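Observations on the model geometry
So the chains spell out like this:
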Amino acid sequence: MTTTHLAAISPGPNQPLELHPRPTPQPGPNELLIAVKSIALNPADHIMQDTGLFVPASSYPTVLGFDLAGLVLAAGADVPSPEFRPGTRIAAYSALVWKASHPDYGAFQERCLVPWQHAVVLPDPNNHEAAGNLTWNEAATLPVAVQVPLSAWDAMGIPCTAAPTHSTSQKEKNQALLIWGAASSVGTMGVQTARLLRTSPTTPFAAVYATAGTPRSRAYVAALGADRVFDYGDPLVVPKIIAAAREEGLVIRYCFLAVGEWASCQAVVGAFVADANQENGMVASAPPVPVQAEGVVDGVETVFVRPAAGEAERLAQFRGWLGLWLRENLGRGRIRPSPEVRVVGRGLGLGAVNAGLDELRRGVSCVKLVVEVAA
């Protein structure tokens, strides 16, 4: 007898999601079947819904969504045991775009397949009232928010997830690391990961600089660990950032663009590249980089943050980002879910996804929208 579950199905580009039952799949090799408890919404979700980005026409109707938290129901062959035994509480980043948008892999449903490498086991699995000391809603916010800044540091050659070295040499702390648009979900996690880079003796970072738009957002970003927070709406924000770093005897060679305009990031980094004897700089952008962004400022490379194209390398990256780095730093209390969670349509389950995506289109700051799929 075929079992089914409820899903918020995308019938085609620029159409609202529809609730329908669909067959529950069985996990293949290296896959987990997850009972989804909560999903977090990301800008990519409404972009995919609106435009069909990453979705082959032949894949419709399909299921969208990236961020999820839930329980392992079943594990396929070659999944590490007992790490992912049934009943394990996890958060995961769906493999939707790498599976040709096959509906079995989208997060907006009650049952979802994910590669085990895309999942992180949550702390304190003996607490049955929450996902470790995290609620399901908080846990669902983590995968994309963590993956993007860690991917940015990797893209810029900044060691973050590599195994620690046994060297006792300490680097000179003469740089500030800049996060632009730090009140977004990936921006807030960018600040938290940058704070850990700042405290490491093996990095050159003495300070974390950030930008945010409102006084409340700037205060929140500072509480996460940013040393200086600037108003990106200030027409003089670029010269103010440059002046602050120079006053503190620091240079800015690296910028993570979470949201916003790449030109401002290039201008900041380019000012220090132009200084005598300074090395080239880099901007790692979460938004897609337009063609005109390349080569605008001499000595500043702008790269689009994304996982590797090859499957083996991508799975190894996700294992490092989520299964190892995130698990360790959650367990040690070094990072926490950010920004604050707001539940959309409490009690409506998957029926609230359309309303949540509409709210996301209108724009949110310093908040993460979450849908509770199941109790």
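Our subject is the structure listed above.
Residues numbered from 1 in each chain as written. Predicted model: local features only at pLDDT ≥ 70, side-chain atom pairs only at ≥ 80, totals over all residues. Heavy atoms only, no water.

Section: the layout of surface pockets
The volume enclosed by the largest pocket comes to roughly 1300 Å³. Put simply, the parts of the chain that give the lining of the largest pocket at least two residues each are helix H1 (43-51), helix H3 (142-155), helix H4 (185-199), strand S10 (205-212), helix H9 (353-362) and strand S16 (367-372). Examining the composition of the lining of the largest pocket, we find that four residues originate from one element, H1, more than from any other. Broken down by class, the residue content of the lining of the largest pocket amounts to 32 nonpolar, twelve polar and four charged. (1 Å grid on protein atoms, 1.4 Å probe; cavity = no way out; pocket = protein on both sides within 12 Å on 5 of 7 lines; lining within 4 Å. Points joined across faces, edges and corners; volume = space filled by probe spheres on them. Helix = DSSP H or I, 4+ residues; strand = E, 2+ residues; numbered from the N terminus. Nonpolar A, V, L, I, M, F, W, Y, C, P; charged D, E, K, R; others polar.)

Details of unusual backbone geometry
Omega for the peptide link from Ser81 to Pro82 comes to 15°, which places this bond in the cis form. Relative to the elements of secondary structure, Pro82 occurs in the loop between strand S5 (67-75) and strand S6 (89-93). Cis geometry is found at the peptide bond from Ser338 to Pro339, where omega equals -10°. Structurally, the position occupied by Pro339 is in the loop between helix H8 (311-331) and strand S15 (340-343). Unlike most non-glycine residues, Asn30 shows phi in positive territory, near 65°. Owing to a relative accessible area of 28%, Asn30 belongs among the partly exposed residues under this scheme. (Buried < 20%, exposed > 50% of the residue type's maximum accessible area, 1.4 Å probe, protein only.)

Description of the nonpolar core
Ranked by internal contacts, the top residues of the largest apolar core, which has 94 residues, are Leu32, Ile39, Leu68, Phe108, Val146, Trp153 and Leu326. The element best represented in this core is H3, accounting for eight residues. Not counting the four nearest positions on each side in its chain, Val146 is found in contact with Met189, Trp321, Leu322, Trp325, Leu326 and Ile335. Judged by nonpolar contacts, the second largest core, of 26 residues, contains Ile242, Trp262, Val273 and Val283. (Core = buried A, V, L, I, M, F, W, Y, C linked by side-chain atoms within 4.5 Å. Contact = heavy atoms within 4.5 Å.)

Structural notes on the sheet that holds strand S4 (residues 62-63)
Strand order in the open sheet formed by three strands is S2-S1-S4, and the pairing between neighbours is antiparallel. Strand pairing shows two members of the sheet lacking a second neighbour, strand S2 (18-23) and S4, which therefore form its edges. Where strand S1 (residues 4-10) meets S4, two bridges bridge the pair, whose relative direction is antiparallel. What sits directly across from Ile9, in S4, is Val63. (Pairing = 2+ DSSP bridges.)

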